[in-house]
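Structural characterization, general
Spelled out from the first residue to the last, the chains are:
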Amino acid sequence: MADVAIPRAKPQMSEASAWTQLKHNRNWLGFWFMVPAMAFLIFFLAYPLGLGIWLSFTDTRIGRVGHFVATENYEWLWDDSIFWLSVFNTLLYTFVASALKFAIGLYLALLLNENMPFKAMLRAMVLIPFIVPTVLSALAFWWIFDSQFSIISWSLKHLGLINQNINFLGDTTWARICVIFANIWRGVPFVAITLLAGLQTVSPSLYEAATLDGATRWQNFRYITYPLLTPIIAVVMTFSVLFTFTDFQLIWAMTRGGPVNATHLMATLSYQRAIIAGQLGEGAAISSAMIPFLLAAIMVSWFGLQRRKWQQGESND
Amino acid sequence: MTDLPTRSIDLKNVLSGSSPTADHSEGMSYLQSVPRRIVTLYLPLAIIVIVLLFPFYWMALTSVKPDEQLLDLDRYNPFWTWSPTFKHFHKLLFESYYPHWLWNTMYVAVCATVLSIFASVLAAYAIVRLRYKGAHLVGGLIFLAYLVPPSILFIPLATVVFQYGLFDSPLALILTYPTILIPFSTWLLMGYFKTIPFELEECALIDGASRWQILIKIVLPLAIPGLISAFIFCFTLCWNEFIYALTFLQSTSNKTVPVAIVNEFVDGDIYRWGSLMAGALAGSLPLVILYAFFVEHYVSAMTGAVKE
């Protein structure tokens, strides 16, 4: 037994030491630590992203395997006036909503940064629109903007400002205003609270010094607050633009793209074409057409971050 | 001037305090007279807060109003009701699948969140502390993954879900939601792990602890605030998610609350508003209650995500 055990023990020893070495190897350990996250991201994010681009070059429908049709879907979309209308709507929606979200959010952040009673409670209350699921608050807006029983129409009528109900979601211009308003309503708390976090890092002594030098409130804002806040504004607005651009649920719950496609965004149009009409290839082409816009937004974010590092005098690590 | 923003955001202070450096609570506000403060501060603030909260008041009021008061705006004042009714909630709880939907949403949200936090803790620890070859690159890629929106992924994901035979099952959502949650929570936890002193780990390594033991016994207990933040934020994101749930689920009893309310309650019935608003209110309440208990963690998750 003994001379059987000894030769066996030796390879075990060397194997164990190789195993211990491996156990302390950063790359080997790091690989295994990354496996769960990477598995999710590769199977359900990277692969579908590639698959989506591939689908946009095929004529796949629901329940039928597609064939490669080169750029036929894109050529079809190029001549599709509804597609161009949705691009226009998306750009209008993103631009107007983001600009107003930024303006109101910054204003709200400046107001919340003042000293006042019940400060903590106010700040907590402001965030509630951001907590509640978008679809559910969109339903509340749907009811507020109802064509017959709208509380806004009722109030305006009783104030004597209008004679008949406003057809909020039935008129193209009003419908656009309403969805943009709902989007701003939902986005302002996020912008305000994140900018507030940035504001709180600005040392009050800077304002005191500037005020002693005779700076007005506007000069305080323009030459102290704004420059110090620029980096965080860049990041927050990138997120805001990205999520506004790809918005789906607010529109779907309030108007489903109507009236006469006036509120169709690229995301809602791709859902309608791909899932409801079953033209997966065409829907994929519409959503792939969003990618260049998203890349542009990401580039802006990237340069915003670079600039921040440069301001802080850090190397790019 | 070395104290530039975003470096030293004190997350706990966002809600409660003003600047961490301001020990004098008055600040410079004494420079302003009271009437001026009312016009420049309290009035605009009141208007914004009222606009932000009015939809919830309206939601709550509609859900307890009797039907005849809902549609008769001439005889009753629409801004208040003296005869609240729980009829709509009763209908919701006992004559619809609502409890089912609530359970589905909860189940999917908890499972997806737990899975994502598990994966993110390992990934964040490996990126920040193991620093394997290419860790920085992987960190950058994960940040990019955060920027990929669900609305360009749902079409190919629908085909993937169909291929794997997951269509119309909660598992489809449990497996796809982590793609939204993992990038966010990894990024958040990386920030937390960076704040834990290296020396603690070095001591443990000298004492012979394995990396796994270090993670479980040293890093995680110290990162509990970060874990809570990540958990709450992920849970909220799951609850809020709409487009995947709308695309991947078909049968009425499998749906999540947001999708079910939009699709099942919106029929031609003119009296639907009461139960619709009751459903919306009941679907928001769990999140609002959770939020009320963990406001600070929530805010730190939100600001932490843009901080890095």
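By convention here, each chain's residues receive numbers from 1 onward along its written sequence. As a convention, the first chain written is A and the first ligand written is 1, with the rest following in written order. Whole-chain, interface and lining totals are the exception, using all residues; otherwise, since this is a predicted model, local features are given only for residues with pLDDT of at least 70 and side-chain atom pairs are given and counted only at 80 or more.

**Notes on the overall build of chain B**
In this description a helix means any DSSP run of H or I spanning at least four residues, a strand means any run of E spanning at least two, and both kinds are numbered starting from the N terminus. Per the secondary structure count, chain B includes 16 helices and zero strands. To sort residues by exposure, count the other C-beta atoms lying within 10 Å of each residue's C-beta; 20 or more gives buried, 12 or fewer gives exposed, and values between give partly exposed, all with C-beta atoms placed from the backbone. By the burial criterion, 45% of the 308 residues in chain B qualify as buried.

**A look at the overall build of chain A**
Per the secondary structure count, chain A includes 15 helices and zero strands. Taking 20 Å as the expected radius of gyration for a compact globule of 317 residues, we find that chain A reaches 28 Å, considerably beyond that expectation. Reported as C-alpha extents along the three principal axes, the dimensions of chain A are approximately 105 × 70 × 35 Å. Looking at chain A as a whole, 42% of its 317 residues are labelled buried. By the convention adopted here, residues are in contact when the distance between their C-beta atoms, placed from the backbone, does not exceed 7 Å. Relative to all contacts within chain A whose residues are 6 or more apart in sequence, the contacts with residues 24 or more apart total 68%. Each radius of gyration reported is based on C-alpha atoms, and the globular scaling rule is 2.2 Å times the count of residues to the power 0.38.

**Notes on the confidence of the model for chain A**
All names here are of chain A. Confidence in the prediction of chain A, expressed as mean pLDDT, is 85, and 90% of residues score 70 or more. Confidence, expressed as mean pLDDT per element, reaches its minimum in chain A at helix H1 (residues 2-23) with 58 and its maximum at helix H4 (residues 81-112) with 93. For every residue, the pLDDT score states the predictor's confidence, bounded by 0 at the bottom and 100 at the top. Low pLDDT, under 50, characterises residues 1-11; the predicted model gives this stretch zero contacts beyond four residues in sequence or across chains. Considering only residues more than four positions removed or in separate chains, one finds that residues 313-317, a stretch of pLDDT under 50, has two contacts.

**Quick word on the interface of chain B and chain A**
Facing 92 residues of chain B, the contacting portion of chain A comprises 92 residues. Counting residues per element, the side of chain B that touches chain A draws most heavily on helix H2 (residues 34-64) of chain B, at twelve residues. Asp, Glu, Lys and Arg are counted as charged, while Ala, Val, Leu, Ile, Met, Phe, Trp, Tyr, Cys and Pro are counted as nonpolar; the rest, among them Gly, fall into the polar class. When its residues are assigned to classes, the side of chain B that touches chain A shows 61 nonpolar, 24 polar and seven charged.

**Focus: helix H5 (residues 119-126) of chain A**
Side chains of residues three or four places apart in an α-helix project in the same direction, reflecting 3.6 residues per turn. Of all the positions in H5 of chain A, only Arg-123, Ala-124 and Val-126 of chain A are classed as buried. Seen along its axis, H5 of chain A keeps its buried residues to an arc of 160°; they face one direction. The directions from the helix axis to the C-beta atoms are what the arc is built from.

**Focus on unusual backbone geometry**
All names here are of chain A. Here the phi dihedral of Arg-256 falls at roughly 55°; this positive angle occurs in a residue that is not glycine. The residue Arg-256 is located in the loop between helix H12 (249-254) and helix H13 (266-276) in this model. A positive phi angle, close to 60°, is found at Asn-261, a residue other than glycine. Considering the arrangement of structural elements, one finds Asn-261 in the loop between H12 and H13.

**Quick look at the nonpolar core**
Within soluble globular proteins, side chains that are nonpolar generally end up buried alongside one another. With 166 residues, the main nonpolar core has Leu-139, Ala-192, Leu-195 and Met-254 of chain A together with Tyr-125 of chain B as its most contacted residues. With residues near it in sequence (within four places) discarded, Leu-139 of chain A still touches Ala-253 of chain A together with Ile-261, Leu-276 and Ala-280 of chain B. Nonpolar core, as used here: buried Ala, Val, Leu, Ile, Met, Phe, Trp, Tyr and Cys residues forming one set through C-beta atoms within 7 Å.

**Considerations on the confidence of the model for chain B**
All names here are of chain B. In this model, chain B carries a mean pLDDT of 83, and residues with pLDDT of at least 70 account for 86%. A low-confidence stretch, residues 1-10 stays under pLDDT 50, and its non-local contacts, those more than four residues away or across chains, total 27 contacts. Confidence drops under a pLDDT of 50 for residues 17-25, and excluding neighbours within four residues, the segment shows 14 contacts in the predicted structure. For this predicted complex, the interface score ipTM comes out at 0.85, alongside a pTM of 0.86.

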